[in-house]
Amino acid sequence: MEIPDINIGNLHADRAIIQGGMGVGISLSGLASAVAEQGGIGVISSVGLGLLYPEMGKTFREANLNALRNEIRTARSKTNGVLGVNVMVAVSDYEDLVRVALDEKIDILFLGAGLPLKAPSLLSQRDLRRFPTKIAVIVSSARAAKILLSTWDKKYSRLPDAFVVEGPKAGGHLGFKREQIDRPEYALEKILPDILSTVKEYGAKYRKTIPVIAAGGIFNGEDILDIFRRGVQGVQMGTRFVATDECDASPLFKDQFVKCSSNDLVIIDSPVGLPGRAIENNFLREVSSGLRHPFSCPWKCLKTCDYVHAPYCIAQALKNARNGLFENGFAFSGAKAFLLDKIVSVKEVFANLADEYQNAILAQDAV
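Residues numbered from 1 in each chain as written. Predicted model: local features only at pLDDT ≥ 70, side-chain atom pairs only at ≥ 80, totals over all residues. Heavy atoms only, no water.

What is the right way to look at the packing of helix H6 (residues 142-156) against helix H7 (residues 188-205) in this model?
Angle between the axes and distance between the axes are the two parameters that describe a pair of packed helices. Viewed as axis vectors pointing N to C, H6 and H7 meet at an angle of 15 degrees, and their least axial separation amounts to 9 Å. The orientation of H6 relative to H7 falls into the category roughly parallel. In this structure, H6 meets H7 at a crossing whose hand is right-handed. Contact with H6, carried on its side by Ala142, Ala145, Lys146, Leu149, Ser150 and Asp153, involves Asp194, Ile195, Thr198, Val199, Tyr202 and Lys205 of H7 and no other residues of that element. (Axes fitted to C-alpha atoms, helices over the stretch in contact; angles between N-to-C directions. Helix = DSSP H or I, 4+ residues; strand = E, 2+ residues; numbered from the N terminus. Parallel < 35°, antiparallel > 145°, perpendicular 65-115°, else oblique. Left-handed = near helix turned anticlockwise from the far one by under 90°. Contact = heavy atoms within 4.5 Å.)

This is the structure we're talking about:
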């Protein structure tokens with residue numbers, strides 16, 4: 001009746017709960033190490049660290065890399081648990097961030113916001129012998145999974161160590177078109193079977209078990225039980241870990257989640273050309289009405305950002321929100337943020353999830 005453990009190759013976590021990487025500055029060493037200490041996989045987001053710590057480099061790019069290195073080392077000093085780093089393929093310094101994480105011997109890399117088709121070329125044999133960092137790829141469709149698997153198979157004769165399947169109820173940028181988000185056929189439970197089948201097929205070729213981790217809208221123990229019974233080996237949760245003492249954002253940021261209602265959760269059009277789910281506020285209403293927030297781009301951090309015509313700098317807006325400055329920013333959020341009602345410790349979250357999971361089993365077995 002315990003929440004299952006998870007094995008990703010020879011990497012083991014006592015609880016198959018992966019804390020989603022949340023940028024800018026929401027999941028850093030504080031939250032990641034706390035989750036790892038409870039037996040889950042704690043994940044540091046590498047996005048926008050140079051904005052948070054500009055003093056750590058002469059350039060934005062240098063500050064990004066130095067800050068990531070520092071966060072990994074700080075997290076490792078707090079825990080012997082499993083730690084990961086989330087890197088967006090869409091960021092301009094994607095390859096450099098991956099190299100820093102490999103240099104720092106991170107346990108697992110989560111690569112998303114684009115298909116990392118060339119990632120194996122970054123994993124030299126020296127890296128693999130020195131420390132076998134696992135690679136998990138984030139996808140939102142069987143088509144994306146198949147393209148990735150086929151490419152790695154043909155070009156590199158290897159496969160990812162895990163997949164994260166992110167459904168349309170996730171927070172932040174979504175891997176769906178706006179019109180797909182609420183359509184039943186794109187729900188997480190609907191897209192999972194084809195992905196599970198595709199991953200199993202390629203895994204069999206290499207005699208390798210590739211865990212599939214479900215993400216997006218998974219909030220409580222009942223959600224965990226339901227999705228596990230659909231064949232996944234792990235769950236990724238972001239929003240529930242925002243309302244914790246250890247979350248690296250300001251108390252004002254966390255309060256937005258505790259106070260929001262279901263009506264406050266909206267789909268926005270991001271300046272980077274993707275839809276995203278966020279907590280509506282005056283800043284987003286101003287943007288929606290056509291008001292532009294002028295900004296000076298420190299450097300083009302996202303490859304797809306049209307910073308010349310963008311109504312605001314999304315990295316700066318997320319940084320402002322993280323620091324509690326909501327007049328000039330907003331918070332991304334998962335679809336079930338309105339269920340949060342108080343700020344607790346990460347230890348309490350794990351204890352509550354375990355109770356909810358056990359109660360869900362008892363309730364289903366009683367039917």
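Would you mind going over unusual backbone geometry with me for this structure?
The bulk of non-glycine residues show a negative phi, and the bulk of peptide bonds are trans. Residue valine 24 is bonded to the preceding glycine 23 through a cis peptide linkage, with omega at 0 degrees. One non-glycine residue, serine 157, lies in positive phi territory at about 55 degrees. You can see serine 157 is positioned in the loop between H6 and strand E8 (162-166). Classification of serine 157 by relative accessible area gives exposed; the value is 53%. (Buried < 20%, exposed > 50% of the residue type's maximum accessible area, 1.4 Å probe, protein only.)

Which parts of the structure should I look at to understand the pairing of strand E5 (residues 82-88)?
Remember that side chains alternate between the two faces of the sheet whenever the strand is regular. Buried residues dominate E5, accounting for seven of its seven residues. Side chains of E5 alternate between two faces, with Val82, Gly84, Asn86 and Met88 and Leu83, Val85 and Val87 buried alike. The handedness of the E5 to strand E6 (residues 108-112) crossover, carried by helix H4 (residues 94-103), is right-handed. (Right-handed = clockwise from strand over helix to strand, strands pointing away.)

Got a minute to help me understand the pairing of strand E7 (residues 134-139) in this structure?
Taking burial as the measure, the six residues of E7 include six buried ones, the bulk of the element. Because side chains alternate across E7, one face comprises the buried residues Lys134, Ala136 and Ile138, and the other comprises Ile135, Val137 and Val139, equally buried. Pairing of E6 with E7, which is carried by four bridges, proceeds in the parallel orientation. Note that in E7 the partner of leucine 111 across the bridge is valine 137. Note: E7 against E8, four bridges, orientation parallel. Residue valine 139 lies in a different strand from E8, and its bridge partner there is valine 165. With H6 bridging E7 and the parallel E8, this β-α-β connection has right-handed handedness. (Pairing = 2+ DSSP bridges.)

Looking at this model, I keep getting lost on helix H8 (residues 221-228). Mind explaining?
Count 3.6 residues to each turn of an α-helix, and residues three or four apart come out pointing the same way. Counting buried positions along H8 gives six out of eight residues, so the element sits mostly inside the fold. Turning to H8, its buried residues are Gly221, Asp223, Ile224, Leu225, Ile227 and Phe228. The inward-facing, buried residues of H8 contact strand E3 (17-19), H7, strand E10 (212-215), strand E11 (234-237) and helix H13 (346-366). For H8, the N-terminal cap is asparagine 220; the gap from its side-chain oxygen to the backbone nitrogen of glutamate 222 is 3.2 Å. (Polar contact = N/O pair within 3.5 Å; in protein donor to acceptor, adjacent residues only side chain to side chain.)

Just to check I follow, could you spell out the packing of aromatic side chains for this structure?
Under the counting rule described, the total for this entry stands at eight aromatic pairs. When the centroid spacing of 6.0 Å and the interplanar angle of 90 degrees are considered together, the rings of tyrosine 312 and phenylalanine 330 count as edge-to-face. One end of the pair, tyrosine 312, is in the loop between helix H11 (282-288) and helix H12 (314-322); the other, phenylalanine 330, is in the loop between H12 and strand E14 (331-332), with 18 residues separating them in the sequence. Judged by centre distance (5.2 Å) and plane angle (90 degrees), the rings of phenylalanine 330 and phenylalanine 332 are edge-to-face. Accessibility expressed as a relative area gives 0% for phenylalanine 330, which makes it buried. The class for phenylalanine 332 is buried, based on a relative accessible area of 16%. (Phe/Tyr/Trp six-rings, centres within 6.5 Å; stacked < 30°, edge-to-face > 60°.)

What is the right way to look at the state of the cysteines in this model?
As used here, a disulfide is simply a covalent bond connecting the sulfur atoms of two cysteines. This structure, assessed with the given rule, holds zero disulfides. In this structure cysteine 260 is a free cysteine whose sulfur lies 14 Å from that of cysteine 247, the closest cysteine sulfur available. (Disulfide = S-S within 2.5 Å.)

Explanation requested: the pattern of salt bridges in the structure shown.
Two side chains that carry opposite charge are able to pair once their charged atoms sit near each other. For the structure shown, the criterion picks out 16 salt bridges. Across the salt bridge formed by arginine 61 and aspartate 96, the nearest N and O atoms sit 3.0 Å from each other. Note that arginine 61 is positioned in helix H3 (residues 60-78) and aspartate 96 in helix H4, a separation of 35 residues in sequence. Overall, aspartate 96 belongs to the partly exposed group, its relative accessible area being 23%. Of the charged contacts, one joins arginine 99 and aspartate 96 as a salt bridge, the two residues approaching to 3.5 Å between their closest N and O atoms. Of this pair, arginine 99 and aspartate 96 are both found in helix H4, three residues apart, which corresponds to roughly one turn of the helix. Judged by relative accessible area, which is 37%, arginine 99 ranks as partly exposed. (Salt bridge = Lys/Arg side-chain N within 4 Å of Asp/Glu carboxyl O.)

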